[in-house]
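Listed here are the chains, written in short residue letters.
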Amino acid sequence: MRVLFGVAHPKQVHARKNIAWELERRGHEIRFLTTDKEVTVPLLKRYGFEYKVIGKSQKKIVKKGILFAKGLFKTFRYVSEFKPDILIGGVPFLAIISRLVAKPHIMTIDTEDASFVTDFSIPFTDVVLTPISFKKDLNPNKHIRFNGYFELSYLHPNYFKPDPSSLEIANLSKDENFVIMRFVSWHAIHDLNQQGIYNLERIVKDIEDQARVLISSERKLTKSLESYRIKIPPEKIHDFLYYASAYVGEGAAMASESAILGTPSIYISTRKLGYLEELEKKYGLVYCYHDPNSGQLNGTKKVKEILTDKNIKRKWKSKRERLLSEKIDVTKFMVELIEKFPSFLSDMKEVGLLRLRAESKRVE
């Protein structure tokens, strides 16, 4: 079988890598189609995947439109050459092209506010796959919810083993107090009219008296903050999140990754996402602060409180173990879904393990 994965964000590279490796191990041919955003291309290179870049991620709406038009043409050419048997979405072009080449397409999404991509792609896709925590009901004939998070496809202990030696790159040890902070660019379509941390210098200064601060940032930093930027190979970031005393930031992906790794997570953003709400309300692994005026102040207070609790890691480890006991192995699920598509879905529906509509377990 030939499988083509689309990726438009570093998180998607991480989320597909173990699935792709397992499929390759079983004899399938795997390729990736990507837009050049942050470290997507370096990650694909690092993991040894064959890939095609169809354009560079753009900030302005007009340039995004141009990228879409050119990307659609480049995608069609690449799909025509590779001749995949199934396409796994991550870029909207794949859904449209799947119809032109009459091949099945699976769309994966976990952000409710990505309405443009979702609404545009659904008419062309066969299945829309979301976590059970996803708060929107999509096309009832295509929407499938699974009991997990996409982050579990790469952070589940079956696949992720933290390496303390990675910390040496930043002159850190696993017993040292340090906080990972993440600032986003706010240029994505779903970021329109959204806000996060309004005073970067202030929050760094407020935290660094209790712990060393390391910054991951999409946006340009001031000269005073540039020295805090974490400079490590992109595939090492999860080792740092695992051993960190806490995570603080506007980035939803890193907030969920930290929580799933058992690290206290402070999310400061007006964006509200179902998977983060579940991680907060059901598992107590994340603190979400959505108020644009008080979010930074309250988030800072909470992280300072966390840093004074010597038992915090033990508490979060227990919460993490509960989460892992209740969620599925997403890599195993995805491999089986792809190999047995579409019969796998029919079998699951018959025994009630998957539902086309929301179930009572969904976070309200």
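Preceding this section is the structure that the text describes.
Residues numbered from 1 in each chain as written. Predicted model: local features only at pLDDT ≥ 70, side-chain atom pairs only at ≥ 80, totals over all residues. Heavy atoms only, no water.

Engineer: Just to check I follow, could you spell out the overall build of the chain for this structure?
Structural biologist: When helices and strands are counted, the chain shows 15 helices and 12 strands. Sorting the 364 residues of the chain into buried and exposed places 54% on the buried side. In the chain, of all internal contacts separated by at least 6 residues, the share reaching a separation of at least 24 is 62%. As displayed, the chain offers around 16100 Å² of accessible surface, 51% of which is attributable to carbon and sulfur atoms. (Helix = DSSP H or I, 4+ residues; strand = E, 2+ residues; numbered from the N terminus. Buried < 20%, exposed > 50% of the residue type's maximum accessible area, 1.4 Å probe, protein only. Contact = heavy atoms within 4.5 Å. Areas by Shrake-Rupley, 256 points an atom, 1.4 Å probe, with all protein chains shown as cover.)

Engineer: How should I be thinking about the sheet that holds strand β1 (residues 2-7) in this particular structure?
Structural biologist: Across a sheet, strands are paired by hydrogen bonds formed along the backbone, either parallel or antiparallel in direction. Taken together, the 7 strands give an open sheet; going across it, the order is β3-β2-β1-β4-β5-β6-β7, and neighbouring strands pair in parallel fashion. Either end of the sheet is taken by a strand with one partner, and the two such strands are β3 (51-56) and β7 (143-146). Strand-to-strand twist in this sheet, taken as the mean axis angle between neighbours without regard to direction, amounts to 20°. Pairing geometry for β1 and strand β4 (residues 86-88), over 3 bridges, is parallel. (Pairing = 2+ DSSP bridges. Axes fitted to C-alpha atoms, helices over the stretch in contact; angles between N-to-C directions.)

Engineer: Would you take a moment to explain the nonpolar core for this structure?
Structural biologist: Note on soluble globular proteins: their nonpolar side chains tend to be buried together. Ranked by internal contacts, the top residues of the largest apolar core, which has 91 residues, are Phe5, Ile180, Met181, Phe240 and Leu276. Broken down by element, the residue count for this core peaks at 6 residues, all from helix α14 (residues 330-339). Ignoring sequence-local partners within four residues, the contact set of Phe240 consists of Ser166, Leu167, Ala170, Leu172, Phe178, Ile180, Leu214, Ile230 and Ile232. If you look at the next biggest cluster of nonpolar residues, it comprises 11 residues, including Leu33, Ile54, Leu94 and Ile97. (Core = buried A, V, L, I, M, F, W, Y, C linked by side-chain atoms within 4.5 Å.)

Engineer: What am I meant to see in the sheet that holds strand β11 (residues 265-268) here?
Structural biologist: The strand order β9-β8-β10-β11-β12 describes an open sheet built from 5 strands, whose pairing is parallel. Strands with a single pairing partner mark the edges of an open sheet, and in this sheet they are β9 (212-217) and β12 (286-289). Taken pair by pair, the neighbouring strands of this sheet meet at an average axis angle of 15°, ignoring direction. Alignment of strand β10 (residues 246-249) against β11, held across 3 bridges, turns out to be parallel. Bridge assignment links Val248 to a residue of β11, and that residue is Ile266. Packed on one face of the sheet, helix α7 (residues 200-207) meets β8 (178-183), β9, β10 and β11 and runs near 170° to β8.

Engineer: Even after reading the chapter, I still don't get unusual backbone geometry, so can you show me in this structure?
Structural biologist: Residues other than glycine predominantly adopt negative phi, and peptide bonds predominantly adopt the trans conformation. In this structure, Pro342 follows Phe341 across a cis peptide bond, with omega equal to 0°. Structurally, Pro342 can be placed in the loop between α14 and α15 (343-350). A positive phi angle, near 55°, is found at Lys83, a position not held by glycine. Take Lys83: it is sitting in the loop between α3 (61-82) and β4.

Engineer: Looking at this structure, how should I read the environment of Asp163?
Structural biologist: For Asp163, the location among the structural elements is in the loop between α6 (152-155) and β8. As for Asp163 and Asp239, which are separated by 76 residues in sequence, their C-alpha atoms are 5.9 Å apart. Not counting the four nearest positions on each side in its chain, Asp163 is found in contact with Lys236, Asp239 and Tyr243.

Engineer: How should a positive patch on the surface be read in this particular structure?
Structural biologist: Taken together, Lys52, Lys70, Lys74 and Arg77 make up a surface patch of like positive charges. The leading source of residues in the positive patch is α3, at 3 residues. Following the sequence through the fold, Arg77 ends up in helix α3. (Patch = residues over 30% accessible without salt bridge, like charges linked within 9 Å, V, L, I, M, F, W, Y side chains within 5 Å. Salt bridge = Lys/Arg side-chain N within 4 Å of Asp/Glu carboxyl O. Lys, Arg positive; Asp, Glu negative; His and termini not counted. Charge placed at Lys NZ, Arg CZ, Asp CG, Glu CD.)

Engineer: Looking at this structure, I do not really get helix α1 (residues 10-25). What am I missing?
Structural biologist: The first and last C-alpha atoms of α1 sit 23 Å apart over 16 residues, in line with the 22 Å expected at 1.5 Å per residue. Along α1, the sharpest kink reaches roughly 35°, centred on Arg16. Along α1, 13 of the 16 residues are buried, which leaves the element largely enclosed by surrounding structure. Phi turns positive, to about 100°, at Gly27, one or two residues after α1. (Expected span 1.5 Å × (residues − 1). Bend = angle between axes of the 7 residues up to and from the residue.)

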